[in-house]
Amino acid sequence: MFLQTLTVAAAIGLSGLALSVQTQDNGTQSNSTPTQILAPEGPAPADVLARGKEMYGISCAPCHGLNGKGDGPIAANLQIKPRDFTRGIYMNRSTASGELPTDYDIYHTITRGLHDTPMPSFAQMRPEDRWAIVQYVKTFSPRFEDSTEYPLDILDVGNQILPSPQSLARGRQLYLEMQCANCHGINGEGNGPAANTLSDDFGNPIHPTDLTNYSDFKFARNVLDVFRIFSTGLNGTPMPSFQQSLSDTDRWNLANYVWSLQDVNQYMDNQIDSNFAKRK
Ligand code: HEC
Ligand code: HEC
């Protein structure tokens, strides 16, 4: 049962990319029905939950609290507060706006961590233990066992458009039309007119990402992540979902534009400069 969950979740995590490559190869539109998770899976086996609880107590409870309320002993000293798991609200997802995350989404967050926040990466932890923690974390919120929360609609990434001057120009146009600039600023530097007025659903102040600065991204490591994030939105934050308002093609154009905002060469130059400075 648990192993089955594992395989399905892993397949879902990878299917997005596979789909986009496949459809691009033969140039046809995919007519497949959207991928959905239809119903709660029921609690994981007792031994998995016991292992998850043990590992959670060691690795997560110091920040997220023994009861998952985000009130561990370290929390008071953190400016960005650890997530309260009891509400079942997750930012980083492959599911539609307002929906629960998949198991793989939570696994993904634990594995990568959230860059530039206190949330560390647990990539060095055994995968079985990371999966067991996912099962345990889900028990903090009754939403995961509530059948009215289902089905979960997994994002379809459509046909990927590769970056080109045309794609970037269209992306820039969409960036302005969709009012991304209102929060992220006219040049993406995270300084739009609304930037200093925002807070998350937990009452903590929150700032729009500086999209020109790779190290300011919490989640995105590539253009597909960018596509996913503004498609699904970040639940619990003011960052909206644009899945309904834009076609797949336009979302790829916008993702290309957003990803191009980082001056990668400058980033590399800075790295080289600082290494050089160290050597001197
Ligand atoms: C040093 C403190 C710290 C530790 C240890 C820690 N976290 Fe976090 N975690 C955070 C903070 C802070 C956030 C909120 C980040 C934000 O809002 O940007 C967070 C957010 C999260 C999220 C929310 C992601 C989303 O999509 O909304 C998940 C899931 C999570 N942590 C799981 C875990 C798990 C599981 C562990 C243990 C394996 C763990 N964390 C250990 C500090 C920590
Ligand atoms: C109402 C304000 C608002 C609007 C409008 C908005 N964003 Fe955001 N966005 C945010 C906030 C706030 C965050 C930071 C969330 C966090 O740090 O947890 C964010 C985060 C992001 C991220 C995540 C970067 C990362 O990996 O950490 C991307 C990508 C992004 N926005 C793109 C866009 C695009 C593209 C648009 C327009 C289509 C847009 N946003 C519109 C407020 C907004």
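Residues numbered from 1 in each chain as written. Chains lettered and ligands numbered in written order. Predicted model: local features only at pLDDT ≥ 70, side-chain atom pairs only at ≥ 80, totals over all residues.

## Overview of the overall build of the protein
- From N to C terminus, the protein includes 10 helices and 2 strands.
- Counting from the amino terminus, helix and strand elements in the protein follow one another as α-β-α-α-α-α-β-α-α-α-α-α.
- Counting across all 280 residues of the protein, residues that qualify as buried make up 31%.
- Excluding contacts between residues fewer than 6 apart, the proportion of contacts in the protein whose partners are at least 24 apart in sequence is 65%. (Helix = DSSP H or I, 4+ residues; strand = E, 2+ residues; numbered from the N terminus. Buried ≥ 20, exposed ≤ 12 C-beta atoms within 10 Å, placed from the backbone. Contact = placed C-beta atoms within 7 Å.)

## Here's the deal with the site of ligand 1
- In the vicinity of ligand 1, 26 residues are found, and the nearest of them are C60, C63, M91, N92 and M119.
- Looking at the shell around ligand 1 residue by residue, the classes come out as 18 nonpolar, 5 polar and 3 charged. (Near = placed C-beta within 6 Å. Nonpolar A, V, L, I, M, F, W, Y, C, P; charged D, E, K, R; others polar.)

## Focus on the site of ligand 2
- The environment of ligand 2 is made up of 27 residues, and the closest members are C180, C183, F219, A220 and M239.
- Partitioned by chemical class, the residues of the shell around ligand 2 number 21 nonpolar, 5 polar and 1 charged.

## Let's talk about the packing of helix α2 (residues 46–59) against helix α5 (residues 127–138)
- Where α2 contacts α5, the two axes come as close as 7 Å, and the packing angle between them is 95 degrees. Taken together, the axes of α2 and α5 lie roughly perpendicular to each other. Here α2 contributes V48, L49, R51, G52, K53, M55 and Y56 to the contact with α5, which in turn contributes D129, A132, I133, Q135, Y136 and V137.
- Of the residues in the contact of α2 with α5, the class split is 8 nonpolar, 2 polar and 3 charged. (Axes fitted to C-alpha atoms, helices over the stretch in contact; angles between N-to-C directions. Parallel < 35°, antiparallel > 145°, perpendicular 65-115°, else oblique.)

## What about the nonpolar core?
- Counting 41 residues, the largest nonpolar core has I133, V137, V226, L254, A255 and V258 as the members making the most contacts within it.
- Listed by contribution, the elements that provide at least two residues to this core are α2, α4 (103–112), α5, α6 (165–177), α7 (180–184), α8 (223–232) and α9 (248–260).
- Residue assignment places this core across two domains, with domain 1 (2–153) and domain 2 (165–267) each supplying three or more.
- Not counting residues within four places of it along the chain, the set of residues in contact with I133 comprises G52, M55, Y56, C60 and I110. (Core = buried A, V, L, I, M, F, W, Y, C linked by C-beta atoms within 7 Å. Domains from an automatic or database assignment.)

## Considering the environment of W259
- Structurally, W259 is set in helix α9.
- When sequence neighbours within four positions are dropped, the list of residues in contact with W259 reads V223 and V226.

## Re unusual backbone geometry
- Looking along the chain, the bond that leaves Y150 and enters P151 is cis, with omega of 0 degrees.
- Along the polypeptide, P151 turns up in the loop between α5 and β2 (152–153).

## Section: the confidence of the model for the protein
- Confidence in the prediction of the protein, expressed as mean pLDDT, is 86, and 82% of residues score 70 or more.
- The model gives residues 1–30 a pLDDT under 50, and that stretch makes 33 contacts with residues more than four places away or in other chains.
- Below pLDDT 50 for its whole length, residues 267–280 participates in 2 contacts with residues either more than four positions away or in separate chains. (pLDDT = per-residue confidence, 0-100.)

## A few points about the packing of α4 against α5
- Two elements in contact, α4 and α5, have axes separated by 9 Å at closest approach and are oriented at 120 degrees. Put simply, α4 runs oblique to α5. For the crossing formed where α4 meets α5, the hand is right-handed. Packed against α4, whose contacting residues are D103, I106, Y107, I110 and T111, the element α5 presents R130, W131, I133, V134 and V137 at the interface. (Left-handed = near helix turned anticlockwise from the far one by under 90°.)

## Section: α5
- Helix length check: α5 (12 residues) gives 17 Å between terminal C-alpha atoms against 16 Å at 1.5 Å per residue, within 8%.
- Of all the residues in α5, the buried ones are W131, A132, I133, V134, Q135, Y136, V137 and K138. (Expected span 1.5 Å × (residues − 1).)

## Topic: the environment of S167
- For S167, the location among the structural elements is in helix α6.
- A count of 20 C-beta atoms within 10 Å places S167 in the buried class.
- A C-alpha to C-alpha distance of 9.5 Å links S167 and A255, two positions 88 residues apart in sequence.
- The contact partners of S167, leaving out residues within four places of it in the chain, are I161, N253 and N256.

## Considerations on α6
- End to end, α6 covers 18 Å across 13 residues, agreeing with the expected 18 Å (1.5 Å per residue, within 8%).
- Summarising the contacts, the buried residues of α6 are in contact with α7 and α9.

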